[in-house]
Each structure stands twice: as structure tokens, then as C-alpha cells.
Amino acid sequence: MKMKKKAVIITLLIGLSQYLWAQKIELVNRDWITQMSQNKSDTTYVINFWATWCKPCVEEIPHFEKLYATYKNQKVKVIMVSCDFKKQLETRVIPFVQNKKMETIVVFMNEPNPNNWIDKVDEKFTGAIPATLIINGSSNFRYFSEGETTYERLEQVIKPLIN
Amino acid sequence: MNKLFLSLLAAILMMASAFKTAENEGYKVGDVVTDFTLKNIDGKMVSLANYKKAKGFIVVFTCNHCPFSQAYEQRIIDLHQKYAAKGYPVVAINPNDKNRSPEDSYENMVIRAKDKKYPFAYLYDESQAIAKIYGATRTPHVFILSKIKGKNKVEYIGAIDDNSEEPKDVTEKYVENVLNALLAKKPIAKTNTKAIGCTIKWKK
């Protein structure tokens with residue numbers, strides 16, 4: 001009986017921790033992209049569009065994690081926008097983020113119709129992921145690239161913006 | 001004077017068209033496409049010219065492994081069932097490099113097409129030349145063509161509908177709307193749309 005109680009408490013605790021983790025993944029929409037595009041702050045935002053099912057995306061996550069770790073004391077924010085299916089947010093995206101111990105900011109694109117937001121990221125964005133947007137509002141800087149990237153490339157783009 | 005002007009104009013136009021090829025951005029709506037000859041899952045070579053009775057085509061760049069292609073697989077089959085008899089068959093093309101995506105090899109295409117009973121041609125763009133000429137970037141990526149005096153003109157480029165995840169929540173069937181407009185000889189309301197998809201796995 002005592003054992004059973006313990007098991008129940010442990011299960012509850014695991015459930016609670018997962019719930020707290022779940023809260024860490026903010027849902028964003030097309031207005032969020034507009035706000036990011038129009039922000040005037042001197043923070044450099046590195047925004048990557050990815051999904052757990054996308055192999056080249058998953059392969060380049062370490063570059064973004066390294067970028068975060070290297071520049072965390074400077075005005076650089078690395079945001080990973082998950083484009084997964086909504087029904088896989090709890091079952092796949094959150095466990096993935098936990099397992100990989102991702103420290104970058106992970107948000108979830110909560111728009112059922114991609115045609116409503118892809119053009120707001122960049123007109124050149126065809127919807128193929130991975131894709132990366134880098135913005136620095138105070139210097140009116142904007143960089144967009146569709147396809148895989150490298151750590152060196154990311155660093156090359158952000159370095160002039162942070163000094 | 002007039003002659004000089006004309007030759008200058010010709011030179012400028014030639015330079016402009018050279019630029020266009022250099023950019024290699026692929027087809028735009030209104031362009032006439034060149035035909036291709038690609039290997040089908042039954043081993044036979046297929047060209048658009050083989051479809052004598054077609055009024056046009058639903059060309060879909062797709063593949064085996066991509067979850068978005070899988071999410072749309074049944075809808076692509078349904079499109080063919082509904083529109084092939086009306087003159088617009090589906091022609092599916094897999095452009096992925098088998099080294100980068102082994103699931104998309106020709107052998108696996110044959111297996112998938114048999115398993116899912118594809119009623120349409122499923123062609124292998126092994127050199128990736130056709131995907132490049134079209135300007136396809138992701139799977140699935142649709143190009144609707146209409147046959148005008150023996151030439152195939154691009155009428156639409158984009159997504160199949162506005163909800164990849166939930167077929168029941170679709171509010172706009174982009175491809176069907178285009179086909180219905182073409183069949184009714186009415187203007188097409190939306191000629192370009194975008195969707196999230198898997199990047200084409202280009203050879204490295």
C-alpha cells in the first residue's frame with residue numbers, strides 16, 4: 001500500500017515536471033514574426049525554423065546551441081521555431097527538447113495554414129526547412145537563408161552586429 | 001539611328017535574358033516548361049508528351065520519407081482519381097539524392113508505390129535536373145500545367161491545400177480550385193501559395 005502511494009506521488013511529480021517543461025515552449029503565430037521583424041532593439045535575434053522530423057534541421061541544432069553558449073553573455077538571442085505538427089507537440093517536440101537538453105529558446109509555430117506566415121519571414125522563403133533569419137533592429141540588419149547552415153556562417157553574420 | 005537603337009535594344013534584351021538564366025530561380029506562373037524523360041516505378045521511361053489526351057498535369061515533387069509528403073499521400077491519390085479522367089493526371093517526381101536519403105531510392109519508390117497502390121506515374125529524377133529546372137525546393141511542391149497548342153504552361157505553383165496536418169480542417173483546396181477553374185475556363189484566383197515541407201536533399 002505504501003509502495004503504491006509512493007508510485008502515485010512519483011508519477012505525479014514526473015507529470016508535473018513535464019507540465020512545467022511544456023510551459024517553457026511558447027506558442028507563437030504570424031503576429032510574433034511581424035513583431036520580431038519590426039523590433040528596434042539592439043539585440044541580435046537568430047531565428048531558426050526547424051522540426052523534429054527534419055533530418056538536416058536536427059543535424060544543425062548543435063550549431064545553434066553552440067552559438068547560444070558562446071554568446072549568452074552578449075545581446076544575442078537564439079530562438080528555435082518548431083514547425084512540427086500540432087498533435088505532436090506533447091508527444092514528440094517536448095520530449096525531443098528535453099532529451100537533447102536544448103538551452104536555446106524553443107517556441108512552437110501555432111498556425112495551421114503556413115501560407116499565412118511564410119512570406120512574413122521573408123519573401124524568398126519557399127517553406128523548405130531548415131531556414132534561418134537573423135535580425136538586428138537597431139542597425140536595420142536582416143539576413144535570411146533557406147537550407148542548411150554552418151556554425152562558421154552564423155558566427156560570421158552575427159559578429160559585426162555585437163561589437 | 002533607328003538601326004543603332006534597335007541593335008542596342010537587342011543587346012540589352014540578350015543581356016537581360018542571360019541574367020535570368022544565371023539566376024536559375026526556376027519556373028514562374030506563365031512560363032512554358034520543357035518536357036522530361038524520367039524512369040517510372042514500372043521501369044518504363046515517361047515524358048509529358050506520352051499523355052496524348054491530357055489537357056494538363058498535376059506535377060508533384062514528392063518522396064517517400066518526408067512526413068509532409070506522407071501527410072499528403074492520400075490526398076495526392078485522391079486528386080488523381082478525381083482529375084485524371086477530366087484530363088489532369090498526377091505526375092509525381094521524387095528528386096531526392098538516395099545517398100542523403102536512402103529511403104527515397106528507386107527501389108524504395110517501387111515498394112512504396114506498390115504498398116500504397118499509386119494510380120499515377122511516380123518518376124525518379126536521379127540527376128535532380130528536373131527539380132532544378134522547375135525550381136522545386138521542397139516536398140511536396142506542386143506545379144499545375146495546362147496544355148496549350150502542344151506546349152505545357154505553368155498555371156500554379158505551391159501547396160495542395162491550406163492544412164497539411166488535418167485534412168478535415170482544410171478550408172481552401174488550392175489545387176482543386178485551380179483545376180476547377182481550368183476546367184470551367186475561368187480565371188485562377190490564387191496562382192502561388194506556400195507551405196512548409198522537407199528540403200529537397202540535393203547531392204553534395
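Relevant structure appears above.
How each quantity is defined
- Residues numbered from 1 in each chain as written.
- Chains lettered and ligands numbered in written order.
- Predicted model: local features only at pLDDT ≥ 70, side-chain atom pairs only at ≥ 80, totals over all residues.
- Heavy atoms only, no water.
- 1 Å grid on protein atoms, 1.4 Å probe; cavity = no way out; pocket = protein on both sides within 12 Å on 5 of 7 lines; lining within 4 Å.
- Points joined across faces, edges and corners; volume = space filled by probe spheres on them.
- Helix = DSSP H or I, 4+ residues; strand = E, 2+ residues; numbered from the N terminus.
- Nonpolar A, V, L, I, M, F, W, Y, C, P; charged D, E, K, R; others polar.
- Contact = heavy atoms within 4.5 Å.
- Buried area = accessible area lost by both parts, 1.4 Å probe.
- Salt bridge = Lys/Arg side-chain N within 4 Å of Asp/Glu carboxyl O.
- Polar contact = N/O pair within 3.5 Å; in protein donor to acceptor, adjacent residues only side chain to side chain.
- Buried < 20%, exposed > 50% of the residue type's maximum accessible area, 1.4 Å probe, protein only.
- Axes fitted to C-alpha atoms, helices over the stretch in contact; angles between N-to-C directions.
- Parallel < 35°, antiparallel > 145°, perpendicular 65-115°, else oblique.
- Left-handed = near helix turned anticlockwise from the far one by under 90°.
- Arc of directions from axis to C-beta.
- Pairing = 2+ DSSP bridges.

Chemist: Teacher, can you tell me more about empty space enclosed by the protein here?
Modeler: Once rolled over the atoms, a probe with the size of a water molecule shows which space is left empty. Residue and element names in this part refer to chain B. A complete count under the given rule lists two cavities of 30 Å³ or more for this structure. Put simply, the largest cavity is a space of about 90 Å³. Lining the largest cavity we find Thr-62, Cys-63, Asn-64, Ser-69, Gln-70, Glu-73, Ile-76, Ala-92, Arg-112, Tyr-118, Phe-120 and Tyr-122. When residues of the lining of the largest cavity are assigned to their parent elements, the largest contribution, four residues, is made by helix H2 (residues 67-83). Looking at the lining of the largest cavity residue by residue, the class counts come to six nonpolar, four polar and two charged. Roughly 30 Å³ of volume is contained in the second largest cavity. Contributing to the lining of the second largest cavity are Tyr-72, Arg-138, Pro-140, Gly-158, Ala-159, Ile-160, Ala-195 and Ile-196. Residue classes in the lining of the second largest cavity are distributed as six nonpolar, one polar and one charged.

Chemist: What is the right way to read the interface of chain A and chain B from this model?
Modeler: Interface size is often expressed as the accessible area that is lost when the parts come together. Across the contact, 24 residues belong to chain A and 20 residues belong to chain B. Between chain A and chain B, a total of about 1,900 Å² is buried, with carbon and sulfur atoms accounting for 55% of that surface. A per-residue breakdown of the area chain A buries against chain B is headed by A:Trp53, A:Phe85 and A:Asn115, which together make up 32% of the total. Counting every contact that joins chain A to chain B gives three salt bridges. Here B:Lys194 makes a salt bridge to A:Asp119, at a shortest N to O gap of 2.5 Å. Counting across the chain A and chain B interface gives 13 residue pairs in polar contact (both at pLDDT 80 or more). Looking at the side of chain A that touches chain B, the elements with two or more residues in it are helix H3 (55-71), helix H5 (118-121) and strand S5 (128-129) of chain A. Residues that form the side of chain A that touches chain B fall into these classes: 12 nonpolar, four polar and eight charged.

Chemist: What am I meant to see in the pattern of salt bridges here?
Modeler: As a working rule, side chains carrying opposite charge can pair if their charged atoms are close by. All chains considered together, the criterion is met by 15 salt bridges over all chains. Between B:Glu172 and B:Lys190 there is a salt bridge; the shortest N-O distance is 3.0 Å. Note that B:Glu172 is positioned in the loop between strand S9 (151-158) and helix H5 (174-183) and B:Lys190 in the loop between H5 and strand S10 (197-199), a separation of 18 residues in sequence. Residue B:Glu172 is classed as partly exposed on the basis of its relative accessible area, which comes to 26%. In the salt-bridge network here, residues are joined through shared partners; they are A:Lys87, B:Glu166, B:Lys168 and B:Asp169.

Chemist: Sorry if this is basic, but what is going on with the packing of H2(B) against H5(B) here?
Modeler: How two helices pack is summed up by the angle between their axes together with the distance between the axes. All names here are of chain B. Running from N to C, H2 and H5 cross one another at 15°; their axes reach a closest spacing of 12 Å. Our classification of the angle between H2 and H5 gives roughly parallel. Once H2 is placed against H5, the crossing between them reads as right-handed. Facing Leu-79, Lys-82 and Tyr-83 of H2, the residues of H5 in contact are Val-175, Glu-176, Leu-179, Asn-180 and Leu-183. Looking at side-chain class alone, the contact of H2 with H5 contains five nonpolar, one polar and two charged residues.

Chemist: I keep staring at helix H6 (residues 151-158) of chain A and nothing clicks. Help me out?
Modeler: Owing to its 3.6 residues per turn, the α-helix brings residues three or four apart onto one side. Residue and element names in this part refer to chain A. Listing the buried residues of H6 in full gives Tyr-151, Leu-154, Glu-155, Val-157 and Ile-158. Each buried residue of H6 lies within a common arc of 160° when the element is viewed along its axis, so the set occupies one face. Exposed and facing more than 90 degrees away from the buried side of H6 are Glu-152 and Gln-156. On its buried face, H6 sits against strand S2 (44-50), H3, strand S3 (76-82), strand S6 (131-136) and strand S7 (141-146).

Chemist: I'm lost on unusual backbone geometry in this one. Help?
Modeler: Note on backbone geometry: most residues besides glycine have negative phi, and most peptide bonds are trans. A cis amide bond links A:Ile129 to the next residue, A:Pro130, at an omega of 10°. Mapped onto the secondary structure, A:Pro130 falls in the loop between S5 and S6. Cis peptide bonds are those with omega within 30 degrees of zero, and the linkage from B:Thr139 to B:Pro140 qualifies with -10°. Checked against the element boundaries, B:Pro140 lands in the loop between strand S7 (138-139) and strand S8 (141-148). Not every positive phi belongs to a glycine, and B:Lys117 is a case in point at roughly 50°. Topologically, B:Lys117 is positioned in the loop between helix H3 (106-115) and strand S6 (121-124).

Chemist: Any chance you could explain the environment of B:Asn177 here in plain terms?
Modeler: By the secondary structure assignment, B:Asn177 is in helix H5. Of the residues examined, B:Asn177 reaches a relative accessible area of 41% and is grouped as partly exposed.

Chemist: Explain the sheet that holds strand S1 (residues 26-28) of chain A to me, please; I cannot follow it from the model alone.
Modeler: The strands that make up a sheet pair up through hydrogen bonds in the backbone, lying either parallel or antiparallel. All names here are of chain A. Sheet architecture is open: six strands sit in the order S1-S4-S3-S2-S6-S7, paired in mixed fashion. Of all the strands in the sheet, just S1 and S7 have a single pairing partner and so form its edges. Taken over all neighbouring pairs, the strand axes of this sheet differ in orientation by 25° on average, direction set aside. In the sheet, S6 pairs with S7 via six bridges, with the strands oriented antiparallel.

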